[in-house]
Every structure is written in C-alpha cells, then in structure tokens.
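Coordinate analysis (summary)
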Amino acid sequence: WEERQETKHELVGGEPVSHHGKTNRIARLLGNLRIALIRILPANGPCEPFSSDIKVAIPNGNYRYPDLVIDCGQSKDIDTVFAETPTVIFEILSPSNRWYDRANKIADYQLLTACRHIVIVWSTAARIEVLSRTDDQSWARSADVYEGRDAQLVLPALNIKVPLEDVYRGFADSDLPD
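Residues numbered from 1 in each chain as written. Predicted model: local features only at pLDDT ≥ 70, side-chain atom pairs only at ≥ 80, totals over all residues. Heavy atoms only, no water.

1. Looking at the pairing of strand 7 (residues 86-93)
- Burial of strand 7 is extensive: eight of the eight residues sit out of reach of the surface.
- In this sheet, strand 7 lies alongside strand 6 (residues 68-71) in antiparallel orientation, the contact comprising four bridges. Its bridge partner lying in strand 7, Val-69 is registered against Ile-89.
- Sheet topology places strand 7 next to strand 8 (residues 117-122); six bridges connect them, and they run parallel. Of the residues in strand 8, the one forming a bridge with Val-88 is His-117.
- The handedness of the strand 7 to strand 8 crossover, carried by helix 2 (residues 98-109), is right-handed. (Buried < 20%, exposed > 50% of the residue type's maximum accessible area, 1.4 Å probe, protein only. Helix = DSSP H or I, 4+ residues; strand = E, 2+ residues; numbered from the N terminus. Pairing = 2+ DSSP bridges. Right-handed = clockwise from strand over helix to strand, strands pointing away.)

2. Thoughts on the pattern of salt bridges
- According to the stated counting rule, one finds six salt bridges in the structure shown.
- Where Arg-127 meets Glu-129, a salt bridge forms, and the shortest distance between an N and an O atom there is 3.0 Å.
- Residue classification places Glu-129 among the buried residues on the basis of a relative accessible area of 7%.
- Taking the shortest distance from any N to any O, the salt bridge between Asp-166 and Arg-169 comes out at 3.1 Å.
- Residue classification places Arg-169 among the partly exposed residues on the basis of a relative accessible area of 41%. (Salt bridge = Lys/Arg side-chain N within 4 Å of Asp/Glu carboxyl O.)

3. Description of the side chain of Arg-133
- Turning to its location among the elements, Arg-133 is positioned in the loop between strand 9 (127-132) and strand 10 (144-147).
- It is Asp-136 that comes nearest to the buried, bridge-free Arg-133 among opposite-charge side chains, at 7.9 Å.
- Of the polar contacts made by the side chain of Arg-133, one reaches the backbone oxygen of Leu-112; its length is 2.6 Å.
- A distance of 2.9 Å separates a polar atom in the side chain of Arg-133 from the backbone oxygen of Gln-137.
- Residues in contact with Arg-133, not counting those within four places in the same chain, are Gln-110, Leu-112, Thr-113, Cys-115, Arg-116, Ser-138 and Trp-139. (Lys, Arg positive; Asp, Glu negative; His and termini not counted. Polar contact = N/O pair within 3.5 Å; in protein donor to acceptor, adjacent residues only side chain to side chain. Contact = heavy atoms within 4.5 Å.)

4. Examining the state of the cysteines
- Taken as a whole, this structure holds one disulfide when the rule is applied.
- Paired through a disulfide, Cys-47 and Cys-72 show a sulfur-sulfur distance of 2.0 Å. Between Cys-47 and Cys-72, the disulfide has an S-S torsion of 115° and is therefore right-handed. Taken together, the residues span a long stretch of sequence, with Cys-47 in the loop between helix 1 (24-40) and strand 3 (48-51) and Cys-72 in the loop between strand 6 and strand 7 at a distance of 25 residues. Taken as a pair, Cys-47 and Cys-72 share a single burial class, namely buried. (Disulfide = S-S within 2.5 Å.)

5. Overview of the nonpolar core
- Within the largest apolar cluster, 48 residues are counted, with the highest numbers of intra-cluster contacts made by Ile-70, Phe-90, Leu-153 and Tyr-168.
- The element best represented in this core is helix 1, accounting for six residues.
- Sequence-distant contacts of Ile-70, that is, excluding residues within four places in its chain, are made with Leu-37, Leu-41, Cys-47, Glu-48, Pro-49, Thr-85, Pro-86, Thr-87, Val-88, Phe-90 and Leu-158. (Core = buried A, V, L, I, M, F, W, Y, C linked by side-chain atoms within 4.5 Å.)

6. What to know about helix 2
- Between its first and last C-alpha atoms helix 2 spans 16 Å; for 12 residues at 1.5 Å apiece the expected length is 16 Å, and the two agree.
- Considered for burial, the residues of helix 2 that qualify are Asp-101, Lys-105, Ile-106, Asp-108 and Tyr-109. Each buried residue of helix 2 lies within a common arc of 145° when the element is viewed along its axis, so the set occupies one face. (Expected span 1.5 Å × (residues − 1). Arc of directions from axis to C-beta.)

So, in structure tokens, the structure goes:
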C-alpha cells in the first residue's frame, strides 16, 4: 500500500500515519550526521548509516522511519526497505515533534532487541542525548548528555566518537537558540 502513496507513512497501532517532510534545518543536521558517520565507521565493517528512507519493524507491529539508523546486520539485502539489525537509532527533534518523538517513538525503539543506543539530536541547540542499553539488556535510567560544539558524542556499542562540531557544521550560534 505505502509504495503507491505520494508520502511515506509509519504504521502505528495498526493505522497509517503520514510521515511529513523535513525542514532545511533537519535536513542539514541529518546530512552532517550521516557524512560524519560514514567518515568514522570502518568502510568494510558491518555497520552502515542509512537516512530516513529506511524503516524499522517494531515487535509490537508498528513500523517507524527513524531520521537515521545504523544497521549492523551481516547479510544486508540491498533491495529491502527495512534495517535488518538497527543497532543505533537517531531522532532529530524539532520544536513541533519533540513531545511526540519522546513519548512514542523512543518507547517503540526500546523494544528492538538489536538496538544498543537511541540518539536524540536537538535541532535548536548543540545538544545530543543518548539512551543506552545496559549489559543486562535493560535501558539505562538516564541519558548521557553531550552539549556544546566541542563535545563528542560517544557510542560505546560501535566504539566511536562523533564530534558535535561535525554534526552542527554550518549552523551559526544564532541558529541554535536553546
């Protein structure tokens, strides 16, 4: 059904929900983040960053389009629209979607057994929050917070660090008022 529609749709509670386009602000952050990850992740390694055209199947029956997902699956089908092993999921918050993403999408992502980190990227501040799965497979009670352009996002499951300066490249301080 979705392939015949003009816009993408997430499946939430058995109902299709239109997945709206992105602003230039969100698109720039998404591009910066993907470029930074491509540079950092080993070229011949199993982990690859995909932008918001790849969806994840949630065990509760929902389908979501994260802003970016790092898929660490070993046998990627290059013709699928799904992340095989969504190891790290990124959501970029805008003022209009902050509440919805935090209240709904994160709870869905935490149901994914392959997911090790959920990364929340602020679009109005040089701020990134990371929710991480612990060794006992539960989720940490609080997020790790990285603030300021001189900080580095740390993703232990991938053994990488991403400079926030790379993520927020092209943004003036006045573009990040929060």
